[in-house]
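Residues per chain are reported as follows:
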Amino acid sequence: MPPASPADRVLVALDVETLGAAERLLDRLAGTLTGCKIGSQLFTAAGPAAVEAARKRGFDVFLDLKYHDIPSTVAGAVREATRLGVAMLDVHASGGVAMMRAAAEAAARAAADFGVARPVCLGVTVLTSLDRTTLHREVGVPAAVEAHVLRLAERAQEAGLDGCVASPQEVRPLRLALGRAWVIVTPGIRPGGVERGAEPVRVPDRRSPPLPTDDQVRVATPRAALAAGADYLVVGRPITGAADPAAAAAAIVRDLGAP
Ligand code: C5P
(Lines give C-alpha, C1' and ligand atoms only; values in the text may rest on other atoms or scores of the structure.)
Protein backbone atom coordinates (compact mmCIF):
# COMPACT_ATOMS: atom_id res chain seq x y z
CA MET A 1 0.00 0.00 0.00
CA PRO A 2 1.42 3.43 -0.90
CA PRO A 3 2.18 5.77 2.02
CA ALA A 4 -0.77 7.87 3.19
CA SER A 5 0.67 11.39 3.06
CA PRO A 6 3.79 13.29 1.90
CA ALA A 7 5.06 13.31 5.49
CA ASP A 8 4.96 9.49 5.52
CA ARG A 9 6.99 9.28 2.32
CA VAL A 10 10.15 10.92 3.63
CA LEU A 11 12.44 8.68 5.68
CA VAL A 12 15.23 10.56 7.40
CA ALA A 13 18.55 8.68 7.30
CA LEU A 14 19.90 8.76 10.85
CA ASP A 15 23.56 8.54 9.84
CA VAL A 16 24.93 9.90 13.13
CA GLU A 17 27.56 8.74 15.61
CA THR A 18 25.65 8.23 18.82
CA LEU A 19 22.29 7.23 20.19
CA GLY A 20 22.04 10.65 21.83
CA ALA A 21 22.52 12.44 18.51
CA ALA A 22 19.86 10.23 16.91
CA GLU A 23 17.44 10.90 19.76
CA ARG A 24 17.96 14.67 19.49
CA LEU A 25 17.27 14.54 15.75
CA LEU A 26 14.17 12.41 16.22
CA ASP A 27 12.86 14.79 18.88
CA ARG A 28 13.27 17.69 16.48
CA LEU A 29 11.64 15.83 13.59
CA ALA A 30 8.68 14.32 15.48
CA GLY A 31 5.52 15.97 14.19
CA THR A 32 7.12 16.64 10.79
CA LEU A 33 8.10 13.13 9.65
CA THR A 34 6.82 9.69 10.65
CA GLY A 35 9.60 7.43 9.39
CA CYS A 36 13.35 7.08 9.75
CA LYS A 37 16.12 4.92 8.38
CA ILE A 38 18.70 3.34 10.65
CA GLY A 39 21.78 2.23 8.78
CA SER A 40 25.06 0.53 9.59
CA GLN A 41 26.72 3.51 11.29
CA LEU A 42 24.10 4.07 13.98
CA PHE A 43 23.26 0.38 14.35
CA THR A 44 26.93 -0.50 14.81
CA ALA A 45 27.28 2.24 17.42
CA ALA A 46 24.03 1.80 19.33
CA GLY A 47 22.45 -1.52 18.28
CA PRO A 48 18.78 -2.36 18.86
CA ALA A 49 18.49 0.58 21.29
CA ALA A 50 18.41 2.85 18.25
CA VAL A 51 15.39 1.03 16.84
CA GLU A 52 13.73 1.13 20.24
CA ALA A 53 14.39 4.88 20.62
CA ALA A 54 12.78 5.60 17.25
CA ARG A 55 9.78 3.36 17.82
CA LYS A 56 9.23 4.84 21.29
CA ARG A 57 8.90 8.24 19.63
CA GLY A 58 6.34 6.86 17.17
CA PHE A 59 8.63 6.56 14.14
CA ASP A 60 8.40 3.67 11.70
CA VAL A 61 11.88 2.24 11.18
CA PHE A 62 13.52 1.15 7.95
CA LEU A 63 16.45 -0.97 9.14
CA ASP A 64 18.92 -0.49 6.31
CA LEU A 65 21.63 -3.05 7.05
CA LYS A 66 21.76 -4.35 3.46
CA TYR A 67 22.27 -7.97 4.43
CA HIS A 68 24.49 -9.86 1.99
CA ASP A 69 25.48 -13.35 3.11
CA ILE A 70 24.55 -16.99 2.63
CA PRO A 71 20.79 -17.70 2.83
CA SER A 72 20.72 -19.18 6.35
CA THR A 73 22.72 -16.29 7.84
CA VAL A 74 20.53 -13.69 6.15
CA ALA A 75 17.40 -15.54 7.29
CA GLY A 76 18.66 -15.42 10.88
CA ALA A 77 19.39 -11.70 10.67
CA VAL A 78 15.99 -10.97 9.13
CA ARG A 79 14.33 -12.94 11.92
CA GLU A 80 16.05 -10.77 14.54
CA ALA A 81 15.22 -7.55 12.68
CA THR A 82 11.57 -8.61 12.52
CA ARG A 83 11.61 -9.32 16.25
CA LEU A 84 12.74 -5.72 16.82
CA GLY A 85 9.52 -4.50 15.16
CA VAL A 86 11.05 -2.71 12.19
CA ALA A 87 8.64 -1.68 9.42
CA MET A 88 11.07 -2.23 6.56
CA LEU A 89 14.43 -3.96 5.97
CA ASP A 90 16.71 -4.71 3.04
CA VAL A 91 19.03 -7.35 1.61
CA HIS A 92 21.38 -7.06 -1.37
CA ALA A 93 19.61 -8.36 -4.47
CA SER A 94 22.99 -9.41 -5.84
CA GLY A 95 23.02 -12.08 -3.09
CA GLY A 96 20.80 -14.19 -5.37
CA VAL A 97 17.24 -15.51 -5.47
CA ALA A 98 17.75 -18.26 -2.86
CA MET A 99 19.07 -15.75 -0.36
CA MET A 100 16.25 -13.28 -1.01
CA ARG A 101 13.66 -16.05 -0.77
CA ALA A 102 15.13 -17.13 2.58
CA ALA A 103 14.82 -13.51 3.76
CA ALA A 104 11.17 -13.18 2.70
CA GLU A 105 10.25 -16.49 4.33
CA ALA A 106 12.12 -15.65 7.54
CA ALA A 107 10.28 -12.33 7.82
CA ALA A 108 6.89 -14.02 7.47
CA ARG A 109 7.76 -16.77 9.94
CA ALA A 110 9.21 -14.40 12.52
CA ALA A 111 6.23 -12.05 12.27
CA ALA A 112 3.90 -14.95 13.08
CA ASP A 113 6.18 -16.28 15.85
CA PHE A 114 6.59 -12.91 17.59
CA GLY A 115 3.13 -11.50 16.88
CA VAL A 116 4.43 -8.44 15.03
CA ALA A 117 3.71 -7.05 11.57
CA ARG A 118 5.75 -8.59 8.77
CA PRO A 119 8.27 -5.96 7.67
CA VAL A 120 8.34 -4.80 4.06
CA CYS A 121 11.36 -6.61 2.58
CA LEU A 122 13.38 -4.78 -0.05
CA GLY A 123 16.19 -5.77 -2.39
CA VAL A 124 19.03 -3.28 -2.80
CA THR A 125 19.78 -3.00 -6.50
CA VAL A 126 22.77 -0.83 -7.50
CA LEU A 127 24.06 1.64 -4.91
CA THR A 128 23.32 5.25 -5.76
CA SER A 129 27.03 6.05 -5.39
CA LEU A 130 27.96 3.87 -8.39
CA ASP A 131 27.86 4.87 -12.04
CA ARG A 132 28.26 2.82 -15.21
CA THR A 133 32.06 3.08 -15.29
CA THR A 134 32.52 1.91 -11.69
CA LEU A 135 29.94 -0.82 -12.14
CA HIS A 136 31.85 -2.09 -15.14
CA ARG A 137 35.51 -1.54 -14.10
CA GLU A 138 35.28 -2.37 -10.41
CA VAL A 139 32.28 -4.67 -10.04
CA GLY A 140 32.68 -6.41 -13.38
CA VAL A 141 29.15 -5.79 -14.62
CA PRO A 142 29.23 -4.64 -18.26
CA ALA A 143 25.48 -3.82 -18.44
CA ALA A 144 24.09 -0.29 -18.28
CA VAL A 145 23.07 0.72 -14.74
CA GLU A 146 19.36 0.78 -15.58
CA ALA A 147 19.41 -2.65 -17.18
CA HIS A 148 21.24 -4.11 -14.18
CA VAL A 149 18.86 -2.46 -11.70
CA LEU A 150 15.87 -3.90 -13.57
CA ARG A 151 17.42 -7.33 -13.71
CA LEU A 152 18.09 -7.36 -9.94
CA ALA A 153 14.62 -6.01 -9.12
CA GLU A 154 12.97 -8.69 -11.25
CA ARG A 155 14.93 -11.36 -9.37
CA ALA A 156 13.84 -9.76 -6.08
CA GLN A 157 10.20 -9.94 -7.14
CA GLU A 158 10.62 -13.56 -8.23
CA ALA A 159 12.06 -14.34 -4.77
CA GLY A 160 9.02 -12.91 -2.99
CA LEU A 161 10.40 -9.59 -1.79
CA ASP A 162 8.03 -6.61 -1.66
CA GLY A 163 10.09 -3.93 -3.33
CA CYS A 164 13.52 -2.52 -3.99
CA VAL A 165 15.91 0.31 -3.28
CA ALA A 166 17.12 2.13 -6.38
CA SER A 167 18.24 5.57 -7.47
CA PRO A 168 15.62 8.10 -8.59
CA GLN A 169 16.83 7.70 -12.12
CA GLU A 170 15.59 4.11 -12.37
CA VAL A 171 12.23 4.64 -10.69
CA ARG A 172 10.17 5.13 -13.84
CA PRO A 173 11.31 1.98 -15.68
CA LEU A 174 11.03 -0.01 -12.44
CA ARG A 175 7.45 1.13 -11.90
CA LEU A 176 6.57 0.18 -15.47
CA ALA A 177 8.23 -3.21 -15.30
CA LEU A 178 7.25 -4.30 -11.78
CA GLY A 179 3.78 -2.86 -11.32
CA ARG A 180 1.91 -0.55 -8.95
CA ALA A 181 2.15 -2.76 -5.86
CA TRP A 182 5.96 -2.98 -6.00
CA VAL A 183 7.43 -0.77 -3.25
CA ILE A 184 10.15 1.59 -4.52
CA VAL A 185 12.41 3.34 -2.04
CA THR A 186 14.91 5.83 -3.33
CA PRO A 187 17.92 7.50 -1.72
CA GLY A 188 20.07 9.97 -3.68
CA ILE A 189 17.58 12.76 -3.01
CA ARG A 190 18.91 16.28 -3.26
CA PRO A 191 16.54 19.24 -2.79
CA GLY A 192 17.20 22.05 -5.26
CA GLY A 193 16.76 25.00 -2.87
CA VAL A 194 19.41 27.69 -2.64
CA GLU A 195 20.33 26.96 0.95
CA ARG A 196 19.31 23.64 2.44
CA GLY A 197 16.43 24.08 4.85
CA ALA A 198 16.27 27.83 4.48
CA GLU A 199 13.83 28.06 1.60
CA PRO A 200 10.97 26.02 0.24
CA VAL A 201 12.55 23.34 -1.91
CA ARG A 202 12.56 24.22 -5.60
CA VAL A 203 12.79 21.81 -8.50
CA PRO A 204 15.74 23.06 -10.54
CA ASP A 205 15.14 23.99 -14.13
CA ARG A 206 17.80 24.05 -16.83
CA ARG A 207 19.19 27.37 -15.57
CA SER A 208 19.64 26.16 -11.98
CA PRO A 209 23.04 25.21 -10.62
CA PRO A 210 23.67 21.45 -10.34
CA LEU A 211 22.29 19.69 -7.25
CA PRO A 212 24.75 19.26 -4.35
CA THR A 213 25.49 15.54 -4.42
CA ASP A 214 28.06 14.70 -1.66
CA ASP A 215 29.14 11.13 -2.58
CA GLN A 216 25.90 10.32 -4.42
CA VAL A 217 26.13 10.08 -8.19
CA ARG A 218 22.62 9.26 -9.45
CA VAL A 219 20.47 11.95 -7.77
CA ALA A 220 17.15 13.81 -8.20
CA THR A 221 15.01 16.35 -6.37
CA PRO A 222 12.28 15.01 -4.06
CA ARG A 223 9.52 16.08 -6.43
CA ALA A 224 11.14 14.52 -9.45
CA ALA A 225 11.57 11.21 -7.59
CA LEU A 226 7.93 11.26 -6.52
CA ALA A 227 6.71 12.17 -10.01
CA ALA A 228 8.69 9.24 -11.41
CA GLY A 229 6.73 6.90 -9.12
CA ALA A 230 8.78 6.41 -5.94
CA ASP A 231 6.86 5.41 -2.78
CA TYR A 232 9.45 6.46 -0.17
CA LEU A 233 12.32 8.93 -0.34
CA VAL A 234 15.36 8.45 1.90
CA VAL A 235 16.87 11.81 2.78
CA GLY A 236 20.00 12.05 4.91
CA ARG A 237 22.41 14.95 4.80
CA PRO A 238 19.99 17.50 3.28
CA ILE A 239 18.02 17.17 6.56
CA THR A 240 20.58 16.04 9.14
CA GLY A 241 23.20 18.54 7.94
CA ALA A 242 20.80 21.50 7.87
CA ALA A 243 21.01 24.25 10.48
CA ASP A 244 17.34 23.56 11.20
CA PRO A 245 16.57 19.90 10.37
CA ALA A 246 12.84 20.25 11.08
CA ALA A 247 12.55 23.22 8.72
CA ALA A 248 14.48 21.34 6.02
CA ALA A 249 12.21 18.30 6.42
CA ALA A 250 9.07 20.46 6.44
CA ALA A 251 10.19 22.20 3.23
CA ILE A 252 10.59 18.84 1.49
CA VAL A 253 7.19 17.61 2.72
CA ARG A 254 5.54 20.87 1.65
CA ASP A 255 7.10 20.64 -1.77
CA LEU A 256 5.96 17.01 -2.20
CA GLY A 257 2.39 17.93 -1.29
CA ALA A 258 2.21 21.07 -3.42
CA PRO A 259 -0.09 20.83 -6.44
O1 C5P B 1 22.90 11.68 3.13
P2 C5P B 1 22.20 10.98 2.00
O3 C5P B 1 20.86 11.62 1.65
O4 C5P B 1 23.09 10.79 0.80
O5 C5P B 1 21.86 9.54 2.60
C6 C5P B 1 21.38 8.49 1.80
C7 C5P B 1 21.20 7.27 2.66
O8 C5P B 1 20.66 6.24 1.85
C9 C5P B 1 22.46 6.74 3.29
O10 C5P B 1 22.10 6.30 4.59
C11 C5P B 1 22.85 5.56 2.44
O12 C5P B 1 23.43 4.52 3.20
C13 C5P B 1 21.49 5.08 1.94
N14 C5P B 1 21.46 4.32 0.69
C15 C5P B 1 22.03 4.79 -0.50
N16 C5P B 1 22.00 4.00 -1.63
C17 C5P B 1 21.40 2.80 -1.61
C18 C5P B 1 20.80 2.34 -0.42
C19 C5P B 1 20.85 3.14 0.70
O20 C5P B 1 22.53 5.91 -0.54
N21 C5P B 1 21.30 2.09 -2.70
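Computed from a predicted model, the values in this text were never measured in an experiment. (Residues numbered from 1 in each chain as written. Predicted model: local features only at pLDDT ≥ 70, side-chain atom pairs only at ≥ 80, totals over all residues. Heavy atoms only, no water.)

**Topic: the overall build of the protein**
Then comes step 1: The secondary structure content of the protein amounts to twelve helices and eight strands.
Then comes step 2: Within the protein, the proportion of its 259 residues that are buried is 51%.
Then comes step 3: Counting contacts in the protein only where the partners sit at least 6 residues apart, residues at least 24 apart contribute 69% of the total. (Helix = DSSP H or I, 4+ residues; strand = E, 2+ residues; numbered from the N terminus. Buried < 20%, exposed > 50% of the residue type's maximum accessible area, 1.4 Å probe, protein only. Contact = heavy atoms within 4.5 Å.)

**Focus: the site of the ligand**
Then comes step 1: Taken together, 16 residues lie around the ligand, and Asp15, Lys37, Arg190, Gly236 and Arg237 are the ones closest in.
Then comes step 2: Within the side chain of Arg190, a nitrogen or oxygen atom sits 2.7 Å from an oxygen atom of the ligand.
Then comes step 3: Relative to its free-state accessible area of 470 Å², the ligand is covered by the protein chains to the extent of 88%.
Then comes step 4: Every element with two or more residues in the shell around the ligand is listed here: strand 3 (60-67), strand 8 (232-235) and helix 11 (237-240).
Then comes step 5: Grouping the constituent residues of the shell around the ligand by class yields seven nonpolar, three polar and six charged. (Near = heavy atom within 4 Å. Polar contact = N/O pair within 3.5 Å; in protein donor to acceptor, adjacent residues only side chain to side chain. Areas by Shrake-Rupley, 256 points an atom, 1.4 Å probe, with all protein chains shown as cover. Nonpolar A, V, L, I, M, F, W, Y, C, P; charged D, E, K, R; others polar.)

**Considerations on the layout of surface pockets**
Then comes step 1: Here the second largest pocket is characterised by a volume of approximately 260 Å³.
Then comes step 2: The wall of the second largest pocket is formed by 17 residues, among which Asp60, Ala87, Met88, Val120 and Tyr232 lie closest to the centre.
Then comes step 3: If you list the elements that add at least two residues to the lining of the second largest pocket, you get strand 2 (35-39) and strand 3.
Then comes step 4: Considering each element in turn, the lining of the second largest pocket owes the most residues, three residues, to strand 3. (1 Å grid on protein atoms, 1.4 Å probe; cavity = no way out; pocket = protein on both sides within 12 Å on 5 of 7 lines; lining within 4 Å. Points joined across faces, edges and corners; volume = space filled by probe spheres on them.)

**Brief notes about the packing of helix 8 (residues 145-158) against helix 9 (residues 171-178)**
In a packed pair of helices, the relevant descriptors are the angle between the two axes and the axis-to-axis distance.
Then comes step 1: Axis separation between helix 8 and helix 9 bottoms out at 10 Å; the angle between their running directions is 35°. Handedness of the helix 8/helix 9 crossing: right-handed. Contacts between helix 8 and helix 9 involve Glu146, Val149, Leu150, Ala153, Glu154 and Gln157 from the former and Pro173, Leu174, Ala177 and Leu178 from the latter. (Axes fitted to C-alpha atoms, helices over the stretch in contact; angles between N-to-C directions. Left-handed = near helix turned anticlockwise from the far one by under 90°.)

**Digging into the sheet that holds strand 1 (residues 10-13)**
Then comes step 1: Spatial ordering of the closed barrel is given by 1-2-3-4-5-6-7-8, a layout of eight strands whose pairing is parallel. Averaged over all neighbouring strand pairs, the angle between strand axes comes to 25°, with direction disregarded.
Then comes step 2: Relative to strand 7 (residues 183-186), strand 6 (residues 163-165) is paired through three bridges, and the arrangement is parallel. Each residue of the ladder has a partner; that of Gly163, found in strand 7, is Val183. (Pairing = 2+ DSSP bridges.)

**Observations concerning the confidence of the model for the protein**
Then comes step 1: Here the protein averages 90 in pLDDT, while 89% of its residues score no lower than 70.
Then comes step 2: Every residue in residues 193-208 scores below 50 in pLDDT, and together they form 28 contacts with partners more than four places removed in sequence or on other chains. (pLDDT = per-residue confidence, 0-100.)

**Overview of unusual backbone geometry**
Then comes step 1: Positive phi values are uncommon outside glycine, yet Lys66 reaches one of about 40°.
Then comes step 2: Relative to the elements of secondary structure, Lys66 occurs in strand 3.
Then comes step 3: Residue classification places Lys66 among the partly exposed positions, given a relative accessible area of 29%.

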